[in-house]
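Here's the letter readout for the chains.
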Amino acid sequence: MAFGKGHHLHLIDGSAYIFRAYHALPPLTRKSDGLPVGAVAGFCNMIARYVEGNGTSSDAPTHVAVVFDFSSKTFRDDIYPLYKANRPPPPEDLRPQFALTREATRAFNLACLETEGLEADDIIATLARQGREAGGRVTIISSDKDLMQLVGGGVEMLDPMKNLRITRDEVFAKFGVGPERVIDVQSLAGDSVDNVPGAPGIGLKTAAMLIQEYGDLDTLLARAGEIKQPKRRQTLIENADQIRLSRDLVTLKDDADLDVSLDALEQRDAEPEVLVEFLNRMEFRTLTKRIADKFKVEAPAAAPPPASGAAPMAAPKADVPFDATTYTAIRDAKTLSTWIAGAREQGYVAVDTETTALDEMVADLVGVSLALAPGKAAYIPLNHISGENDLFGGTARAEGQMDMGEALALLKPLLADPSVSKIFQNAKYDVKIFARLGLSVTAIEDTMLMSSALYAGLHSHGMDVLSEQHLGHRPIPIKSLLGSGKSQITFDRVPVDEAVKYAAEDADVTLRLWQKFRPELHVKRVTTVYETLERPLVQVLADMERAGVLVERDVLSRMSNAFAQKMAGLEAEIHQLAGRSFNVGSPKQLGEVLFDEMSLPGGQKGKTGAYATGAEVLEDLAAEGHDLPARVLDWRQLSKLKSTYTDALQDHINRETGRVHTSYSLVGAVTGRLSSTDPNLQNIPVRSEEGRRIRAAFVAPEGKSLISLDYSQIELRILAHMADIPALKQAFRDGHDIHAMTASEMFGVPIEGMDPMIRRQAKAINFGVIYGISGFGLARNLRIPRAEAQGFIDRYFERFPGIRTYMDRTIAEAKEQGYVETLFGRKINTPEINAKGPGAGFAKRAAINAPIQGSAADIIRRAMIRMPEAIKDLPAKMLLQVHDELLFEVEKGAEEAVIKVVKAVMEGAAAPAVHLDVPLIVDAGIGQNWSEAH
DNA sequence: CCCGTCACG
DNA sequence: GACGTACGTGACGGGA
């Protein structure tokens, strides 16, 4: 049947897929011979997901083609030899993968198109036109803006990453003109990535404006003499030829001679044997298995592993499929003893607990699962409730469960046995649950932390993500058992049979992840990071969280009331000033009041079409003497303090302990910093007077004090060390005021009697450097003209040339290796570093900042890990960490002794792994509450 | 569920 | 040369 009405053609931009896959994945090689196959693996995964998506879609294509660039040389190079001249050649390890992706495409039984002298975009343009003219629908699967000129008349685009349809509206949003004028705008604006010259000095915005005004490019060029701005007029007249050349470059060729007809692109299902053979030859074990399972064909035996150094573990087995029917329910002591004996024999076991809540401080244990080998997992139901209510409307214990005391008595020696590794996903959770039941766990392994050491910056580290990414298996979602929202039930109400499948699978997944990650830690050289910076913190943090911190409810409650009163007063004033009542807490409504109704200046609409009403905007308005924004700022401060702190903190006071127990995440921040949730105790107010009163509600109990110790300028010290800046290092060694010193060096003023304003500016620059400074950012921070800020930066780099070298070196390292490193070997992946466009700036600054922030994080981690041993004979407890600060609760009278020890541990935390060229200095404070101690 | 806003280092 | 920009987090309320 000829392609036509009712048919739907998908055109996939295959080359874009390859690059996306290459940059998104760590370098992966084929085990047997080291052939780089990471991009092929990513490509196959993307295609597999695409095909699966079609299978379940009501909008599936009838015809499909995957289109590739033939080579870098095209007809455009003949028109303009500099076309794409500044594009670097593809990386060495990507080149051999190009041919393999063609092979992969054919293995999926998809039409694979490429033509000499043409870019993929030209083939897509030609087929799109043919499809449109035949009366069918066409969807281009790509996010390449160069293809947007093809949209319209039955042709659409689909951004596969964002799963976003691109129609006229999106094109308009991107280019400011409809698809038919995209070429005109691109011809004017040019393209730095492809080296299309365009008109100098004219960007996307200006180009769109000009085309909107004159209708199209030819008219614009013909009437260029009428343009009012002299510079722009001259540019257009002088560069008319270059603009026309640019048009030839950006116009896609939609009448190319292709040796394929639309009809030949009819969608075909893959031949299972062919596809599985290819995937297996690539040694993509999980994908092979997934596809083989889907087609219900047998997966061939995996290729033999390389005969390198013998693994300490049993030889890796061929993949065992996930199969819930192989999971066991352990309902008696004898069976449990057998499993425990198995664990002892092999020296490791994956363990997972099921409980009634996410908060470990209140959750009750429902059951425990164990896994000994892939597919060999069991669940011990302990506290499930039966579905039927008993006579009194209460709940009855479900049948067939072991007595919890009996089960825990059997598990206790296993968990405590240092010769048996207990493997968890997020060990801290389970360790806390066990601790509350009087069981301690030694020899802890944690797949979440392994993932963090291996893949920080590439993906998150929850079980579902890890299982999908690394095992190609999507575990049973907890929601399918518990439901969600109001009708959500707790795990003890899940029928035991269901619970077995879910819980045992989690342990199974955890075990498989551990087996996969263990060798990877060595290959990627992050074993030390995992073993010295991640794993030992599990117990330390568990103890801190369980200790909690005392917070005075009455103080918070009184503040809440006071805030509410003040807010009501402010609200009335605000409404009066506005002339009507509205929700002060709604930025949307506030924006309308300020800029539409009161017509105040400076109304700027953001992406979502709402006015920006951030503190900076309101401060500017208030400074001009407007009262309403000033009142709103006051109201906002109170509202924030009340809702986030004085109200919410009260809800976090634990009923049993009367204290607040935060939860730290070891993997929340890519740099290695901890993060704190439920509640976040790392952002308790300190900068405002009102805020400090909240901090004062954190107290020491009767007979004790709080002591707070924090690193002074740790990030700047690390910068001085890493960038090797003699002047900065010397200033730190001499104990000088670093910001004053910077100011003195930069502006040539003496340190004695320095204008505080000058010092403030130097301080802002010092901070800016850590963040990957930009003139714009510094200007905004200091509220000075951008040129002036740039002047400061130039002078800074001139005075401290090592800083620039350090920044350049860090970015080069990120580009070369795909990651940056802290002083202690923690790797932070930078997948976006080679991105083009506005994202590039973000990625560069993040890459500059990560080693500095991350090294500081590593140092305080090292201090925390050594702390329990250092203070074990002192009456002190470590309670909180706030990035560069540690808070302790200490018996009265012992404060100075504790400070002496803690300070020594903190100041010496980099050694012996790293010898810093600068001293680390820790300041200490003592108080009855946190505000006094800080 | 996303966005704007704002608390911290 | 234009573009959009300081780094890293988490919690809250509004609004679709």
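A short tour of the structure in this document, coming up. (Residues numbered from 1 in each chain as written. Chains lettered and ligands numbered in written order. Predicted model: local features only at pLDDT ≥ 70, side-chain atom pairs only at ≥ 80, totals over all residues. Heavy atoms only, no water.)

Let's talk about the protein's contact with DNA strand B
Stage number 1. In the vicinity of DNA strand B, 20 residues are found, and the nearest of them are Thr613, Lys640, Val686, Arg687 and Asp884.
Stage number 2. The sugar and phosphate moieties of DNA strand B supply 77% of its atoms located within 4 Å of the protein.
Stage number 3. Take glycine 614: an N or O atom from its main chain is 3.2 Å from a phosphate oxygen of DNA strand B.
Stage number 4. Of the residues that constitute the surface near DNA strand B, the class distribution is seven nonpolar, eight polar and five charged. (Near = heavy atom within 4 Å. Polar contact = N/O pair within 3.5 Å; in protein donor to acceptor, adjacent residues only side chain to side chain. Nonpolar A, V, L, I, M, F, W, Y, C, P; charged D, E, K, R; others polar.)

Considerations on the packing of aromatic side chains
Stage number 1. In this structure the tally under the stated criterion is 13 aromatic pairs.
Stage number 2. Measuring from ring centre to ring centre gives 5.8 Å for phenylalanine 491 and tyrosine 502, while their planes differ by 45 degrees; the resulting arrangement is tilted. Residue phenylalanine 491 is located in the loop between helix H19 (479-482) and helix H20 (496-523), and its partner tyrosine 502 is located in helix H20; the two are separated by 11 residues in the primary sequence. As far as the burial class goes, phenylalanine 491 and tyrosine 502 line up, both buried.
Stage number 3. A connected cluster of aromatic rings, assembled from ring pairs, spans Tyr17, Phe43 and Phe68.
Stage number 4. In this structure, arginine 512 is placed above the aromatic ring of phenylalanine 322, and the distance from its NZ or CZ to the ring centre is 3.7 Å.
Stage number 5. The cationic tip of arginine 695 hangs over the ring face of tryptophan 930; the distance from NZ or CZ to the ring centre is 4.2 Å. (Phe/Tyr/Trp six-rings, centres within 6.5 Å; stacked < 30°, edge-to-face > 60°. Helix = DSSP H or I, 4+ residues; strand = E, 2+ residues; numbered from the N terminus. Buried < 20%, exposed > 50% of the residue type's maximum accessible area, 1.4 Å probe, protein only. Lys NZ or Arg CZ within 6 Å of the ring centre and 35° of its normal.)

Points about the protein's contact with DNA strand C
Stage number 1. Lining the immediate surroundings of DNA strand C are 36 residues, of which Ser586, Ser675, Asp678, Asn680 and Phe776 lie closest.
Stage number 2. Near the protein, meaning within 4 Å, the atoms of DNA strand C are sugar or phosphate in a fraction of 70%, with bases accounting for the rest.
Stage number 3. Here a sugar or linking oxygen of DNA strand C and a side-chain polar atom of asparagine 680 are 2.9 Å apart.
Stage number 4. In the model, a base oxygen of DNA strand C is placed 3.0 Å from a nitrogen or oxygen of the arginine 786 side chain.
Stage number 5. Counting residues per element, the ones that place at least two in the surface near DNA strand C are helix H24 (587-597), helix H26 (627-651), strand S18 (675-677), helix H31 (756-770), helix H32 (775-782) and helix H35 (839-870).
Stage number 6. Looking at which element gives the most residues to the surface near DNA strand C, the answer is H35, with five residues.
Stage number 7. Split by residue class, the surface near DNA strand C holds 10 nonpolar, 18 polar and eight charged.

Overview of the pattern of salt bridges
Pairs may arise between side chains of opposite charge once their charged atoms sit close together.
Stage number 1. Tallying each qualifying case throughout the model produces 52 salt bridges.
Stage number 2. Residue lysine 145 pairs with aspartate 146 through a salt bridge whose shortest N-O separation is 3.5 Å.
Stage number 3. What you see here is one network of salt bridges that share partners, running through Glu360, Lys428, Lys432 and Glu545. (Salt bridge = Lys/Arg side-chain N within 4 Å of Asp/Glu carboxyl O.)

Points about the pairing of strand S20 (residues 704-711)
Stage number 1. With six of eight residues buried, S20 lies mostly within the body of the structure.
Stage number 2. In this sheet, strand S24 (residues 885-891) lies alongside S20 in antiparallel orientation, the contact comprising seven bridges. By the bridge assignment for S24, leucine 709 is matched with leucine 886.
Stage number 3. Pairing analysis gives six bridges linking S20 to strand S25 (residues 922-927), with the strands arranged antiparallel. In the sheet register, tyrosine 711 faces S25, and the bridge partner there is valine 922. (Pairing = 2+ DSSP bridges.)

Quick word on the sheet that holds strand S4 (residues 137-141)
Where strands meet in a sheet, backbone hydrogen bonds hold them as pairs that are either parallel or antiparallel.
Stage number 1. With respect to topology, six strands assemble into an open sheet ordered S3-S2-S1-S4-S5-S6, the strand pairing being mixed. Strands with a single pairing partner mark the edges of an open sheet, and in this sheet they are strand S3 (111-113) and strand S6 (164-166). Sheet twist, expressed as the mean angle between neighbouring strand axes with direction ignored, is 25 degrees.
Stage number 2. Taken together, the three bridges between strand S2 (residues 63-67) and S3 define a ladder with parallel strand orientation. If you follow valine 66 over to S3, its bridge partner there is cysteine 112. (Axes fitted to C-alpha atoms, helices over the stretch in contact; angles between N-to-C directions.)

What about the nonpolar core?
Stage number 1. Within the largest apolar cluster, 192 residues are counted, with the highest numbers of intra-cluster contacts made by Tyr711, Ile803, Ile859, Met864 and Phe888.
Stage number 2. It is H20 that provides the largest number of residues to this core, a total of 13 residues.
Stage number 3. Those residues in contact with isoleucine 803 that lie beyond four places of it in its chain are Leu719, Ala723, Ile725, Val769, Tyr796 and Phe797.
Stage number 4. Val67, Val177, Val185 and Leu262 belong to the second largest nonpolar core, which has 50 residues in total. (Core = buried A, V, L, I, M, F, W, Y, C linked by side-chain atoms within 4.5 Å. Contact = heavy atoms within 4.5 Å.)

Some remarks on the environment of arginine 223
Stage number 1. Summarising the element assignment, arginine 223 is placed in the loop between helix H9 (217-222) and helix H10 (230-238).
Stage number 2. Through-space distance from the C-alpha of arginine 223 to that of aspartate 332 is 90 Å; in sequence the pair is 109 residues apart.

A closer look at the sheet that holds S20
Stage number 1. Sheet architecture is open: four strands sit in the order S23-S24-S20-S25, paired in antiparallel fashion. Since the sheet does not close on itself, it has two edges, and those belong to strand S23 (876-881) and S25, each with one partner. Averaged over neighbouring strand pairs, the angle between their axes works out to 25 degrees when direction is ignored.
Stage number 2. Pairing analysis gives five bridges linking S23 to S24, with the strands arranged antiparallel. The residue of S24 that forms the bridge with lysine 877 is glutamate 889.
Stage number 3. Here helix H36 (residues 895-907) sits on the sheet and contacts S20, S23, S24 and S25; the angle it forms with S20, its principal contact strand, is near 25 degrees.

Describing helix H22 (residues 537-547)
Structurally, the α-helix is built with 3.6 residues per turn, so residues lying three or four positions apart point the same way.
Stage number 1. With eight of its 11 residues buried, H22 lies for the most part within the structure.
Stage number 2. Where H22 is concerned, the buried positions are Leu537, Val538, Val540, Leu541, Ala542, Met544, Glu545 and Ala547.
Stage number 3. Remark: glycine 548 follows H22 within two positions and exhibits a positive phi of approximately 70 degrees.

Points about the side chain of glutamate 885
Stage number 1. Mapped onto the fold, glutamate 885 is located in strand S24.
Stage number 2. Of the side chains bearing the opposite charge, arginine 695 lies closest to the buried glutamate 885, which forms no salt bridge; the N-O distance is 4.3 Å.
Stage number 3. Polar side-chain contacts of glutamate 885 include one of 2.8 Å to the side chain of serine 708.
Stage number 4. Those residues in contact with glutamate 885 that sit more than four places away from it in its chain are Arg695, Ser708, Leu709, Asp710, Ile860, Leu880, Trp930 and His934. (Lys, Arg positive; Asp, Glu negative; His and termini not counted.)

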